[in-house]
Amino acid sequence: MGDHGRGLLEFWGIRLVLVALVLGLVWKFLYFPVWSVSGSDMRILLAFIAVEPLEFVVARVGPAAWIIGGVGAYLIESARAKLTDALRRSWNRERIAIGFAAGAGATFLAGPGVIVDLPFTLWFLIHAATGITVLIALGLYLLWTAERVAGVSLRKLGSVAFAFALVAATLDLLSLGALFGAFEVSWSDQPPLTIADFLLGAGSLTVWILIYTLTIRRSRIATPAVPSGAGA
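Criteria and cut-off values
- Residues numbered from 1 in each chain as written.
- Predicted model: local features only at pLDDT ≥ 70, side-chain atom pairs only at ≥ 80, totals over all residues.
- Heavy atoms only, no water.
- Helix = DSSP H or I, 4+ residues; strand = E, 2+ residues; numbered from the N terminus.
- Buried < 20%, exposed > 50% of the residue type's maximum accessible area, 1.4 Å probe, protein only.
- Contact = heavy atoms within 4.5 Å.
- Areas by Shrake-Rupley, 256 points an atom, 1.4 Å probe, with all protein chains shown as cover.
- Salt bridge = Lys/Arg side-chain N within 4 Å of Asp/Glu carboxyl O.
- Polar contact = N/O pair within 3.5 Å; in protein donor to acceptor, adjacent residues only side chain to side chain.
- Core = buried A, V, L, I, M, F, W, Y, C linked by side-chain atoms within 4.5 Å.
- Phe/Tyr/Trp six-rings, centres within 6.5 Å; stacked < 30°, edge-to-face > 60°.
- Lys NZ or Arg CZ within 6 Å of the ring centre and 35° of its normal.
- pLDDT = per-residue confidence, 0-100.

Some remarks on the overall build of the protein
Then step 1. Helix and strand counts for the protein come out as eight helices and two strands.
Then step 2. Overall, the protein shows an N-to-C arrangement of helices and strands of α-β-β-α-α-α-α-α-α-α.
Then step 3. Here the protein, with 232 residues, has 39% of them falling under the buried criterion.
Then step 4. Restricting to contacts in the protein with at least 6 residues of sequence separation, those with at least 24 account for 74%.
Then step 5. When the accessible surface of the protein is split by element, carbon and sulfur atoms take 70% of a total near 13100 Å².

So this is what it looks like as structure tokens:
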């Protein structure tokens, strides 16, 4: 594969990651917590969408974001593999980060079925540890990839996105633990916890979208053009 082919892979990979982040933000809004006036009952915004086929489409925004993001990462790593020697492409930090994220994510998804017989406290700790690992590993992958492609430091913006995401995850775990009695948090504190979790999580995704928009604008990946000899 020549330079044109590698550029094409990375060109589309970065843009697919950006699309996945935008869909993730949309999915976040679909899970906006809607509390009753008394604060005794909560529904998610998605539950109020009862019009077909809109309901069918929006219910799949989240899974679509993960699939598109995965395809984008695959394209980016495929392009990178063509530019590095065998040792470096096997052990670069971005691949290590995405590997940790995939492993922790698999544990997170398999956990309810595998550890159903464990005490709730232990299940909760595993749930928290795997969730935070996915969050940190994906964040590092996004940041390191954006910096490499853009050719500039994006650590200040990345730090903001990380901070928002980690605080949001902490609030989410606190809310979940309180719901199952693991923490002594009154039910009246649930509305502000869930809303703050939503705002910070949405803020983190918004910063990542900004980072990848800047990455695309500053990247040295020009719009792939057809090679001059293609029509020969």
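After that view, the rundown keeps rolling.
Some details on the pattern of salt bridges
Side-chain pairing between opposite charges can occur once the charged atoms of the two side chains come close.
Then step 1. Applying the stated criterion across every chain, the model contains four salt bridges.
Then step 2. E10 is the partner of R148 in a salt bridge, and the nearest nitrogen-oxygen pair spans 2.6 Å. You can see R148 sitting in helix α6 (residues 120-150) and its partner E10 sitting in helix α1 (residues 3-30), a full 138 residues away along the chain.
Then step 3. Accessibility expressed as a relative area gives 28% for R148, which makes it partly exposed.
Then step 4. You can call E10 buried: its relative accessible area is 10%.
Then step 5. Linking E147 and R155 is a salt bridge whose minimum nitrogen-to-oxygen distance equals 3.8 Å.
Then step 6. Its relative accessible area of 52% is what places R155 among the exposed residues.

Some points on the side chain of S78
Then step 1. When you line up the elements, S78 lands in helix α3 (residues 61-81).
Then step 2. Of the polar contacts made by the side chain of S78, one reaches the backbone oxygen of Y74; its length is 2.8 Å.

Remarks on the nonpolar core
The tendency in soluble globular proteins is for nonpolar side chains to be buried side by side.
Then step 1. Residues L21, W208, I211 and Y212 are the most contacted members of the largest nonpolar core, which totals 27 residues.
Then step 2. When residues of this core are traced back to their parent elements, those giving at least two are α1, α3, α6, α7 (155-179) and α8 (190-218).
Then step 3. Non-local contacts of L21, meaning those with residues more than four positions away in its chain, are made with L142, L205, W208, I209 and Y212.
Then step 4. L30, L46, V58 and V61 belong to the second largest nonpolar core, which has five residues in total.

A short note on the packing of aromatic side chains
Aromatic ring pairs are defined here through the distance separating the ring centres and the angle between the ring planes.
Then step 1. Taken as a whole and assessed by the stated rule, the structure comprises five aromatic pairs.
Then step 2. Arranged with centres 5.1 Å apart and planes meeting at 90°, the rings of F11 and W12 form a pair that is edge-to-face.
Then step 3. Seen from their ring centres, F32 and F198 are 4.7 Å apart, and the 90° between their planes marks the pair as edge-to-face. Highlighted residues: F32 in the loop between α1 and β1 (33-35) and F198 in helix α8, separated in sequence by 166 residues.
Then step 4. On the accessibility criterion, F32 (29% relative accessible area) is partly exposed.
Then step 5. Pairwise contacts between aromatic rings join F29, F32 and F198 into one cluster.
Then step 6. Just above the ring of F56 sits the side chain of R60; from NZ or CZ to the centre is 3.7 Å.

Examining the confidence of the model for the protein
Then step 1. Chain-level pLDDT for the protein is 80 on average; 75% of the residues reach the 70-or-more range.
Then step 2. Element-level pLDDT for the protein is lowest in helix α4 (residues 86-91), with a mean of 52, against a maximum mean of 92 in α8.
Then step 3. Within the model, the stretch residues 221-232 combines pLDDT values under 50 with 11 contacts to residues more than four positions away or in other chains.

Describing the side chain of E147
Then step 1. Within the secondary structure, E147 sits in helix α6.
Then step 2. At 3.4 Å, the side chain of E147 forms a polar contact with the backbone nitrogen of R155.
Then step 3. Those residues within four positions of E147 in sequence are excluded, and the remaining contacts are R93, V152, S153, L154 and R155.

Focus on the environment of A137
Then step 1. Relative to the helices and strands, A137 resides in helix α6.
Then step 2. Look past the residues within four positions of A137 in its chain and what remains in contact with it is A97, F100 and A101.

Overview of the environment of L135
Then step 1. Looking at the element boundaries, L135 is found in helix α6.
Then step 2. Along the sequence, L135 and A169 sit 34 residues apart, while their C-alpha atoms lie 8.5 Å from each other.
Then step 3. Among residues more than four places away in sequence, those in contact with L135 are F162, A165, L166 and A169.

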